[in-house]
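Chains, contacts and geometry: an overview
These are the residues of each chain, in order.
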Amino acid sequence: MKLVTFLNGLVFSGLLALAFSRWRRHGGEAGRWVVLTFLTLASVSFLALPLPNHPDVAWHWFWSVTYIKILLAVLLLYPYCVYRFMAAFKHERRRSDSVALLLTAAVVIWGFAVPYFPAATAHRPWWLLGYVYLIIVQWGSLSILVTARLWRAGRGQPSVARRRMRVLSIGSLVFAIAILPSAG
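This section reports on the structure supplied with the text. Every chain is numbered independently, its residues counted from 1 as its sequence is written. Local features in this predicted model are restricted to residues of pLDDT 70 or higher, and side-chain atom pairs are both shown and tallied only at a pLDDT of 80 or more, whereas totals for entire chains, interfaces and linings draw on every residue. With hydrogens and water set aside, each side-chain value is computed from the structure's full complement of heavy atoms.

Whether two aromatic rings pair depends on their centres lying within 6.5 Å, for rings of Phe, Tyr and Trp, where Trp uses its six-membered ring; planes under 30 degrees apart make the pair stacked, over 60 edge-to-face, and the rest tilted. The full count for this structure, using the stated rule, is eight aromatic pairs. With a centroid separation of 5.6 Å and an interplanar angle of 35°, the aromatic rings of Tyr78 and Trp139 are classed as tilted. Here the residue Tyr78 occupies a position in helix H4 (residues 78–87), and Trp139 occupies one in helix H6 (residues 126–153), the gap between them amounting to 61 residues. A ring pair is formed by Tyr78 and Phe175, whose centres lie 4.9 Å apart and whose planes are at 65°; its orientation type is edge-to-face. Taken together, the residues Tyr78 in helix H4 and Phe175 in helix H7 (residues 159–179) connect sequence positions 97 residues apart. Throughout this description, buried means an accessible area under 20% of the type-specific maximum (1.4 Å probe, protein chains only), exposed means over 50%, and partly exposed covers the range between. For Phe175, a relative accessible area of 27% puts it in the partly exposed group. Three or more aromatic residues link up through ring pairs in this structure, and these residues are Tyr78, Trp139 and Phe175. Helical segments are the DSSP runs of H or I of at least four residues, strand segments are the runs of E of at least two, and each set is numbered from the N terminus.

Here's what the structure looks like:
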């Protein structure tokens, strides 16, 4: 499993390097958000590598919980970065920008407020269930919004641009669906 995580990190790092290089040459708000999107994914992949499977001593347990909170905070920035990438194509400010920021801030702050993460087989306290539901709302709503807007952005475009926007749209949806089983 660590090998797959490492390989994911390498892939995301390669995409980050390409996105950064392109952004440095051409600039733009959308390019900056693509760089930040791949930075979150590469960071999470590499930050997950040193996590122990079973922390056994108290200081090790505390460090692992703190580390997991940081890891989750970085991961939960991903849907916001994708949303901001999509929003960069339309320069009008919307209420959805504020909602996206508010939801993302809420999941990050709640994540740091969680006192501990119980074992997978243990009873889940109300505050952890609330946190999981908030993550589902944040990730799901931003992903659906990005999927719909990127799909619509392809309408009326030449075939290459339309396909590119639709591939991005489908990719956003597939990634959102892929993350759902981990919420259970």
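From this point, the narrative continues.
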